[in-house]
Amino acid sequence: MPFDDIARRGLLLLGCGKMGSAMLEGWLARGLPPASVGVIEPRPSDWLTAQGVHLNDGLPDEPAVALIAVKPQMMGDALPRLAALGGSGTLMISVAAGTPLARFEGAFGAGTPVVRAMPNTPAAVGRGITAIVGNAAATRAHLDLAEELLSAVGQVVRLDSEDQMDAVTAVSGSGPAYVFHMIEALAAAGTSEGLAPDLALQLARATVAGAGALAETSGEDPAHLRRNVTSPNGTTQAGLEVLMDADHGLPPLMRRTVAAAARRSRELRDG
């Protein structure tokens, strides 16, 4: 099991906010010894201080993994702190949005294995999905190790190219916000049809959560699930005729939404 090497050599977690805490909780639940974990976090939570990890003790000599979980705007301060680990055999994993592999290679050297990961916010409840891609120095074993660690907070997929990361960001990285807004809009539409706001929100929230769970667990294509709910000339069909309109419905709106997010991701990447 990859955790055996981590337990022996150690893991360093730089940044332990919501995402870092969710990952750490998953690792500890899977049996990673707290004594094998070092955390650098200037504002540790009460939960973190109670976990028995090494907190703000400096850099270990040569940990198996250094996982960077700081906000992108903090990267300029974070990378120099880890510079001594470059070329040491430590696998660098970043979950910071918008920071390309080339920047890590510039900080640590091209020979340092680096895996860039894009998780999303449902990772906080163990239901995330994370896309990963490695640099040329990252071997299959390094990617396996990254996948093992990141699967503690949900599913993991591997990309063929770092160029795909902008589209991933636009779909699964930003996607939870789209779904939250859909819940808002569905609840507001229910209120306009005479429902009390609290009831409309409860119905919308449970409907989206339940439909998502059904889509993920049933194994059925979402188009098939949609047809199962749609009786000919019924209420669902009437609603879908609006939602599926080729010119003004959800498909062209979603294409524009994802395209705008992907475009912004490329702009941020390119400076």
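This part takes up unusual backbone geometry. Phi is positive for N56, which is not a glycine, with a value near 55°. As for its placement among the helices and strands, N56 is situated in the loop between β3 (54-55) and β4 (65-68). Look at N233: it is not a glycine, yet its phi comes out positive at around 60°. Residue position: N233 is located in the loop between α10 (222-229) and α11 (235-243).

Once that is clear, we can look at the pairing of strand β1 (residues 11-14). Burial along β1 is two-sided: L11 and L13 and L12 and L14, pointing in opposite directions, are all buried. With four bridges joining them, β1 and strand β2 (residues 37-40) adopt parallel strand pairing. Paired with L14 across the strands is I40, a residue of β2. At this point the chain moves from β1, through helix α2 (residues 18-29), to the parallel β2, and the crossover so formed is right-handed. Note that β1 and β4 share four bridges and pair parallel. By the bridge assignment, L12 is partnered in β4 with A66.

Where nonpolar side chains cluster on the molecular surface, the patch consists of L243, M244, L250, L253 and M254 and spans about 400 Å² of accessible area. Here the element with the most residues in the nonpolar patch is helix α12 (residues 250-270); it accounts for three residues. Counting through the fold element by element, L243 comes out in helix α11.

What follows concerns the confidence of the model for the protein chain. Looking at the protein chain as a whole, the pLDDT averages 93, with 99% of positions reaching at least 70. Ranking the elements of the protein chain by mean pLDDT puts helix α1 (residues 2-9) last, at 83, and helix α8 (residues 175-192) first, at 98.

Of the volumes computed, that of the second largest pocket is approximately 980 Å³. Lining the second largest pocket we find 33 residues, and of these M19, A69, V70, K71 and P72 sit closest to its centre. Those elements giving two or more residues to the lining of the second largest pocket turn out to be α2, α4 (75-82), α7 (165-173) and α8. Per-class residue counts for the lining of the second largest pocket are 19 nonpolar, eight polar and six charged.

Next up on the list: the pattern of salt bridges. Where charged atoms from two side chains of opposite charge come close, those side chains can pair. A complete count under the given rule lists nine salt bridges for this structure. Across the pair R9 and D5 runs a salt bridge, and its minimum N-O distance is 3.4 Å. Pair noted here: R9 and D5 are both in helix α1, with a separation of four residues, about one helical turn. Here R127 and E216 are joined by a salt bridge, their closest N and O atoms 2.5 Å apart. On the criterion of sequence distance, the pair formed by R127 in the loop between β6 (114-118) and β7 (128-134) and E216 in helix α9 (residues 197-217) is long-range, its members being 89 residues apart. Its relative accessible area of 52% is what places R127 among the exposed residues. Each of D5, R8, R9 and E62 takes part in salt bridges that share partners, so that together they form one network.

Here we come to the sheet that holds strand β5 (residues 91-94). In space, the eight strands of this open sheet follow the order β3-β2-β1-β4-β5-β6-β7-β8, with mixed pairing throughout. In the strand order of this sheet, the two ends are held by β3 and β8 (154-158), each with one partner.

On the secondary structure map, R103 appears in helix α5 (residues 101-108). Owing to a relative accessible area of 39%, R103 belongs among the partly exposed residues under this scheme. Apart from residues lying up to four places away in sequence, R103 is in contact with M75, G76 and L79.

In this structure, V168 sits in helix α7. Judged by its relative accessible area of 14%, V168 falls in the buried class. Sequence separation between V168 and A261 is 93 residues, and the spatial gap between their C-alpha atoms is 9.9 Å. Sequence-distant contacts of V168, that is, excluding residues within four places in its chain, are made with M118, A131, L159 and G173.

Among the secondary structure elements, S88 is positioned in the loop between α4 and β5. Take S88: its relative accessible area is 18%, and that puts it in the buried class. At 2.6 Å, the side chain of S88 and the backbone oxygen of L85 are in polar contact. Here the side chain of S88 touches T90 through a polar contact of 3.1 Å, side chain to side chain.

Basis of the calculations
Residues numbered from 1 in each chain as written. Predicted model: local features only at pLDDT ≥ 70, side-chain atom pairs only at ≥ 80, totals over all residues. Heavy atoms only, no water. Helix = DSSP H or I, 4+ residues; strand = E, 2+ residues; numbered from the N terminus. Buried < 20%, exposed > 50% of the residue type's maximum accessible area, 1.4 Å probe, protein only. Pairing = 2+ DSSP bridges. Right-handed = clockwise from strand over helix to strand, strands pointing away. Patch = residues over 30% accessible without salt bridge, like charges linked within 9 Å, V, L, I, M, F, W, Y side chains within 5 Å. Areas by Shrake-Rupley, 256 points an atom, 1.4 Å probe, with all protein chains shown as cover. Salt bridge = Lys/Arg side-chain N within 4 Å of Asp/Glu carboxyl O. pLDDT = per-residue confidence, 0-100. 1 Å grid on protein atoms, 1.4 Å probe; cavity = no way out; pocket = protein on both sides within 12 Å on 5 of 7 lines; lining within 4 Å. Points joined across faces, edges and corners; volume = space filled by probe spheres on them. Nonpolar A, V, L, I, M, F, W, Y, C, P; charged D, E, K, R; others polar. Contact = heavy atoms within 4.5 Å. Polar contact = N/O pair within 3.5 Å; in protein donor to acceptor, adjacent residues only side chain to side chain.

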